[in-house]
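Working through the structure, step by step
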Amino acid sequence: MFSNFTAADLLKLSRDDVIQICGPADGIRLFNALKSRSVRPRLTVYISTGTQHNKSESSEESDSVVYQEMHLEELTTAELNRKLAPLFSLSPNQIHHTYRQGPTGIHIIVNDLMIRNFLDESCFIVTAKKVEHTEGYHLILR
């Protein structure tokens, strides 16, 4: 019955979908079983746009970079761009390329394989560079 479904597909099914596939009794039991556990994201990364915030800590003032938690499920560049775009008030279509700053400052194109090999809970500072003569941007992960 579910041989053509992935685990992600099953988790995306609505209650009505599961009831329609399995019938009322089994459908409700299966839906409740699927929704009873929270699913851990495949990859969590911490992203900063380099914004500085002042913090007061017991009479000491310090500047710190603030990071946002980002969960990736699909581990694709399309998903990464969809989630990074709002941080810069962009649409995902405006992001032409995403690069990772490598050794000696070189820019390496981020692809799906690179994302699958990111270490869980990696931290990145992301900058956006305007592409000349277009409405597009390049994002650089450092």
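This write-up is about the structure you can find in this document. (Residues numbered from 1 in each chain as written. Predicted model: local features only at pLDDT ≥ 70, side-chain atom pairs only at ≥ 80, totals over all residues. Heavy atoms only, no water.)

Looking only at helices and strands, the chain features 5 helices and 8 strands. Computed over C-alpha atoms, the radius of gyration of the chain comes to 20 Å, more than 25% over the 14 Å expected from 2.2 N^0.38 for 142 residues, which places it beyond the range of a compact globule. Referenced to the eigenvectors of the C-alpha coordinate spread, the extents of the chain come out at roughly 60 × 50 × 25 Å. When burial is assessed residue by residue, the chain has 27% of its 142 residues classed as buried. Of all intrachain contacts in the chain linking residues separated by at least 6 positions in sequence, the fraction that spans at least 24 positions is 47%. Entry remark: accessible area of the chain is about 9600 Å², with carbon and sulfur atoms responsible for 51%. (Helix = DSSP H or I, 4+ residues; strand = E, 2+ residues; numbered from the N terminus. Rg over C-alpha atoms; globule rule 2.2 N^0.38 Å. Buried < 20%, exposed > 50% of the residue type's maximum accessible area, 1.4 Å probe, protein only. Contact = heavy atoms within 4.5 Å. Areas by Shrake-Rupley, 256 points an atom, 1.4 Å probe, with all protein chains shown as cover.)

What follows is about the packing of aromatic side chains. Counting across every chain of the model gives 2 aromatic pairs. Aromatic side chains Phe2 and Phe5 sit 5.5 Å apart centroid to centroid with 70 degrees between the ring planes, which places their arrangement in the edge-to-face category. In this structure, Lys130 is placed above the aromatic ring of Tyr137, and the distance from its NZ or CZ to the ring centre is 5.3 Å. (Phe/Tyr/Trp six-rings, centres within 6.5 Å; stacked < 30°, edge-to-face > 60°. Lys NZ or Arg CZ within 6 Å of the ring centre and 35° of its normal.)

Turning our attention to the side chain of Thr98. Secondary-structure assignment places Thr98 in strand β5 (residues 95-101). The buried category is assigned to Thr98, whose relative accessible area is 6%. Side-chain polar atoms of Thr98 contact the side chain of Asn81, separated by 2.6 Å. (Polar contact = N/O pair within 3.5 Å; in protein donor to acceptor, adjacent residues only side chain to side chain.)

Turning to the layout of surface pockets, a few remarks are in order. Counted as a void, the largest pocket has a volume near 250 Å³. What lines the largest pocket is simply Ala7, Ala8, Leu11, Lys12, Val39, Arg42, Glu73 and Glu74. Residues belonging to the lining of the largest pocket are distributed by class as follows: 4 nonpolar, no polar and 4 charged. (1 Å grid on protein atoms, 1.4 Å probe; cavity = no way out; pocket = protein on both sides within 12 Å on 5 of 7 lines; lining within 4 Å. Points joined across faces, edges and corners; volume = space filled by probe spheres on them. Nonpolar A, V, L, I, M, F, W, Y, C, P; charged D, E, K, R; others polar.)

Moving on, we get to the nonpolar core. The biggest cluster of nonpolar side chains holds 19 residues, and the ones touching the most others in it are Leu80, Leu84, Ile115, Phe118 and Leu141. Of all the elements in the fold, those that place two or more residues in this core are β1 (43-48), β4 (68-72), α4 (77-84), α5 (112-116), β7 (122-130) and β8 (137-141). Examining the composition of this core, we find that 3 residues originate from one element, β1, more than from any other. With near-sequence residues (within four places) excluded, Leu84 lies in contact with Ile47, Met70, Val126, Leu139 and Leu141. (Core = buried A, V, L, I, M, F, W, Y, C linked by side-chain atoms within 4.5 Å.)

Take the pattern of salt bridges next. If you walk through the whole model with that rule in mind, you get 4 salt bridges. A salt bridge links Asp26 to Arg29; the shortest N-O distance between them is 2.6 Å. Here Asp26 pairs with Arg29, and both are found in helix α3 (residues 24-35), just 3 residues apart, close to one helical turn. The class for Asp26 is partly exposed, based on a relative accessible area of 42%. Between Glu79 and Lys83 there is a salt bridge, with the nearest N and O atoms lying 3.7 Å from each other. In this pair, Glu79 and Lys83 both sit in helix α4, 4 residues apart, roughly one turn of the helix. For Glu79, a relative accessible area of 3% gives the class buried. Lys83 sits in the partly exposed class, given a relative accessible area of 34%. (Salt bridge = Lys/Arg side-chain N within 4 Å of Asp/Glu carboxyl O.)

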